[in-house]
Amino acid sequence: MTGKAEIDTRNIPAHVAVIMDGNGRWAKQRGGLRVFGHQSAITAVRETVEEAAELGVRYLTLYAFSTENWNRPALEVMALMQLLVHTIRQETATLLKNSIRLEAIGDISTLPANCRRELAEAMELTKSGNRMTLVLALSYSGRWDLTQAAKRLAADVASGQLQPANITEATVANYLATANMPDPELLIRTSGEQRISNFLLWQLAYTELYITDLLWPDFRKEHFQEAIRAYQRRERRFGKTSEQIAVS
């Protein structure tokens with residue numbers, strides 16, 4: 001693993017998404033409860049956010065809690081919600097110091113009231129941050145996102161605000177939770193699982209995937225740097241040939 005000097009600062013993805021996987025396995029390997037892995041993952045989040053901002057990433061989206069995660073044992077879900085509140089409260093000052101704006105996507109109405117309150121307060125306090133936007137995907141799934149977009153789009157068609165013939169890919173994108181963000185150029189997934197787990201299904205159409213066997217609580221700045229270097233070694237063709245890319 002080489003250093004930061006090997007990174008081309010002219011080719012930093014504007015939007016990086018992360019599936020933070022492996023907390024439970026990390027805790028099990030150490031004889032602890034799953035919540036121990038979630039608690040230990042905070043350092044990985046902090047280092048990833050700091051490194052992304054330092055390198056010039058404009059949007060960093062973390063898959064923090066999926067709609068499917070509600071099916072986990074009630075005690076684990078409760079512990080996760082408490083940890084979320086504590087972490088938001090603890091990290092807001094750091095976000096302010098580093099001019100990082102906090103946003104959230106997902107079915108936020110399903111979160112406990114104290115989570116919604118802490119989240120809203122942190123987003124309000126950091127709304128003027130212009131260095132990077134940190135997006136927490138909470139009670140989120142790609143299918144939920146497409147479903148809510150379809151409902152809103154259908155309502156606008158029914159009310160006459162939108163004509164079906166005028167619906168384009170750009171129209172659909174504007175109804176998604178990520179409407180004001182560029183699609184991710186890079187998706188990082190830890191723990192070695194080779195799937196996207198119902199995350200940003202529309203938005204990941206042309207995203208480069210970087211999968212590491214490392215469990216999320218062990219993820220550090222140098223691992224984020226390696227993901228960026230791997231991204232920079234790839235040729236992004238978007239359906240074109242290498243020869244077309246070379247002359248464009």
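Scroll up to find the structure.
Since this is a predicted model, take the numbers as computed values, not measurements.

(A) Representation of the packing of helix 4 (residues 74-97) against helix 5 (residues 113-125) within the structure. Viewed as axis vectors pointing N to C, helix 4 and helix 5 meet at an angle of 10°, and their least axial separation amounts to 9 Å. Classed by the angle they form, the pair helix 4 and helix 5 counts as roughly parallel. Contact residues: helix 4 offers Met-81, Leu-84, Val-85, Ile-88, Arg-89, Thr-92 and Leu-96, while helix 5 offers Asn-114, Cys-115, Glu-118, Leu-119, Ala-122 and Leu-125. Of the residues assigned to the contact of helix 4 with helix 5, the class counts are nine nonpolar, two polar and two charged.

(B) Geometry of unusual backbone geometry. Residues other than glycine seldom take positive phi values, yet Ser-139 does so here, at roughly 50°. Tracing the backbone shows Ser-139 in strand 4 (residues 132-140). A positive phi angle, close to 80°, is found at Ser-191, a residue other than glycine. On the basis of relative accessible area, Ser-191 is assigned to the buried category, the value being 9%.

(C) Structural context of the pattern of salt bridges. Evaluation of the coordinates by the stated rule reveals 17 salt bridges. Across the salt bridge formed by Asp-21 and Arg-25, the nearest N and O atoms sit 3.2 Å from each other. Look at Asp-21 and you get buried, because its relative accessible area is 18%. On the basis of relative accessible area, Arg-25 is assigned to the partly exposed category, the value being 33%. For Asp-21, the salt bridge identified is with Arg-189, shortest N-O distance 2.9 Å. A residue pair is termed long-range when its members are at least 10 positions apart, and Asp-21 in the loop between strand 1 (15-19) and helix 1 (23-29) and Arg-189 in strand 5 (residues 186-189) qualify at 168 residues.

(D) Inspection of the environment of Glu-68 at higher detail. With respect to the helices and strands, the residue Glu-68 is situated in the loop between strand 2 (59-66) and helix 4. Measuring from C-alpha to C-alpha, the distance between Glu-68 and Ala-165 comes to 35 Å, with 97 residues separating the pair along the chain. Contact partners of Glu-68, with chain neighbours within four places excluded, come to Tyr-63, Ser-141 and Asn-198. At 2.7 Å, the side chain of Glu-68 forms a polar contact with the side chain of Asn-198.

(E) Main features of the sheet that holds strand 2. The six strands lie next to each other as 3-4-2-1-5-6, forming an open sheet whose pairing is parallel. Of all strands in the sheet, those with a lone pairing partner are strand 3 (100-105) and strand 6 (208-211), marking the two edges. Across the sheet, the mean angle from the axis of one strand to that of its neighbour is 20°, orientation sign disregarded. Along the sheet, helix 8 (residues 221-232) contacts strand 1, strand 2, strand 5 and strand 6; its crossing angle with strand 5, the most-contacted strand, is approximately 135°.

(F) Main features of the pairing of strand 5. What you see with strand 5 is no split at all: Leu-186 and Ile-188 on one side and Leu-187 and Arg-189 on the other are buried throughout. Here strand 1 runs beside strand 5; their pairing, made up of four bridges, is parallel. Looking at the pairing, Val-18 lines up with Ile-188 of strand 5. Pairing of strand 5 with strand 6, which is carried by four bridges, proceeds in the parallel orientation. Along strand 6, the bridge assignment pairs Leu-187 with Leu-209.

Parameters and conventions
- Residues numbered from 1 in each chain as written.
- Predicted model: local features only at pLDDT ≥ 70, side-chain atom pairs only at ≥ 80, totals over all residues.
- Heavy atoms only, no water.
- Axes fitted to C-alpha atoms, helices over the stretch in contact; angles between N-to-C directions.
- Helix = DSSP H or I, 4+ residues; strand = E, 2+ residues; numbered from the N terminus.
- Parallel < 35°, antiparallel > 145°, perpendicular 65-115°, else oblique.
- Contact = heavy atoms within 4.5 Å.
- Nonpolar A, V, L, I, M, F, W, Y, C, P; charged D, E, K, R; others polar.
- Buried < 20%, exposed > 50% of the residue type's maximum accessible area, 1.4 Å probe, protein only.
- Salt bridge = Lys/Arg side-chain N within 4 Å of Asp/Glu carboxyl O.
- Polar contact = N/O pair within 3.5 Å; in protein donor to acceptor, adjacent residues only side chain to side chain.
- Pairing = 2+ DSSP bridges.

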